[in-house]
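Below, each chain spelled out in residue letters.
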Amino acid sequence: MHKKHIVIIGNGVASKCVVFELNKLGFDNITVIASESFAPMCSTRTTAINCLRGTERGNSNLGDTIIDSFNIFEDFYNLYNPLGISKTFEMHTTPVAPDDLIAKWKRRYKNYDKGFEFSLFNKPLNNELFYIENDAYIISPEIYFDWFNSINKFTLIDDVVEEITDMQIFTSKGLSIIADELIICTSYMSKNFSHLVADEKLKHSLLHSKPVAGSYLKFKIEDFNSDELNLKNPYCFRIDEVHLIIRPDLDDVLLGSTSTNNSNDMTGDVSGLLNQYNKLSKHLLGVVKLPSFESAEVITGVRHKSQKRTPYWGEIGKNKYAIWGLYKNAFSFSNMAARKISKLIKE
């Protein structure tokens, strides 16, 4: 076993994956510092779906990274069979309309079909839809994180980092912790540690990144009628940019979500969600009666969007590393990022 003391700030999915990869390489003297009450992690406040959604290789560096990380995530899933991940499908649909209104959708989702009947619903829809079904993974973060915690070797300190001087970390509870290696996994709060970034261009990019608040509705699965839709299997149905996600392992159904740029407001986009709820209700009229809007819990998380949506993972200074800007791809980017960070530390 390696004797280095590795300190990770943050306890979301990126942190979990980093600890997992470091443990595999023989590092187990790991301290994780995080405070859920001070900085609620976005990883447990997201609809958490891994799906390529029409992304094709060769169109952009970001697209290639999305595909590569998705493949790494699939390898991880197949090799370790982690709890809290369900392999299923995501049905992408859009109402049949003239080409000029849905040209962008058709460019992205090639080899589409059209129809009224979908396996999620027990009755045909009223209006015909263009659709394409893609492989997807629905993640139940609470179960997934419990799985990580059952096998990962680390010490968790519930505290807030107030200052970092070289490799010495000072917390709000008066702790002073010395790290041999330091890893920042703090999403949009990574800006608070910009002084640790040696490269000016990288620092500029970090300082110009944005928090993006996202909200969705969480219903109890028992509030839906099993005679109207299939509630036994995990599934995602998407129409007009609105997701309906069935998660039997957590006994819930998710609807949404909204995005608000340059916002870390956790109160929730209630008006935006009501608009999405009404839009979905209209599409499912006579097929599925949604539970009342008021019966749902509004969940909000804050994601981190880098310039040009380009994520970063790597070295930021001597013995200092960071992962940030994972935005909508945190549950696939994290595996890829963790592999790179752990290999850098081993070297």
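Values in this document were obtained by computation on a predicted structure and should not be read as measured data.

Rules and cut-offs
- Residues numbered from 1 in each chain as written.
- Predicted model: local features only at pLDDT ≥ 70, side-chain atom pairs only at ≥ 80, totals over all residues.
- Heavy atoms only, no water.
- Salt bridge = Lys/Arg side-chain N within 4 Å of Asp/Glu carboxyl O.
- Helix = DSSP H or I, 4+ residues; strand = E, 2+ residues; numbered from the N terminus.
- Buried < 20%, exposed > 50% of the residue type's maximum accessible area, 1.4 Å probe, protein only.
- Patch = residues over 30% accessible without salt bridge, like charges linked within 9 Å, V, L, I, M, F, W, Y side chains within 5 Å.
- Areas by Shrake-Rupley, 256 points an atom, 1.4 Å probe, with all protein chains shown as cover.
- Lys, Arg positive; Asp, Glu negative; His and termini not counted.
- Charge placed at Lys NZ, Arg CZ, Asp CG, Glu CD.

A. Representation of the pattern of salt bridges. With the rule as written, the count across this model stands at 12 salt bridges. One salt bridge connects K4 with E181, and the closest N-O pair in it is separated by 2.8 Å. Note that K4 is positioned in the segment before β1 (6-9) and E181 in strand β11 (residues 181-184), a separation of 177 residues in sequence. A salt bridge links E56 to K110; the shortest N-O distance between them is 3.7 Å. Residue E56 is found in the loop between β3 (49-50) and α2 (61-80), and its partner K110 is found in the loop between α3 (99-108) and β5 (113-115); the two are separated by 54 residues along the sequence. Judged by relative accessible area, which is 35%, E56 ranks as partly exposed.

B. Representation of unusual backbone geometry. For the bond from G256 to S257, the omega torsion is 10 degrees, close enough to zero to count as cis. Positive phi is not limited to glycine here, since R53 has a value of about 50 degrees. The residue R53 is located in the loop between β3 and α2 in this model. One non-glycine residue with positive phi stands out, namely N81, at about 45 degrees.

C. Geometry of a positive patch on the surface. Together, K104, R107, R108 and K328 line one region of the surface with positive charge. Among the secondary structure elements, R108 is positioned in helix α3.

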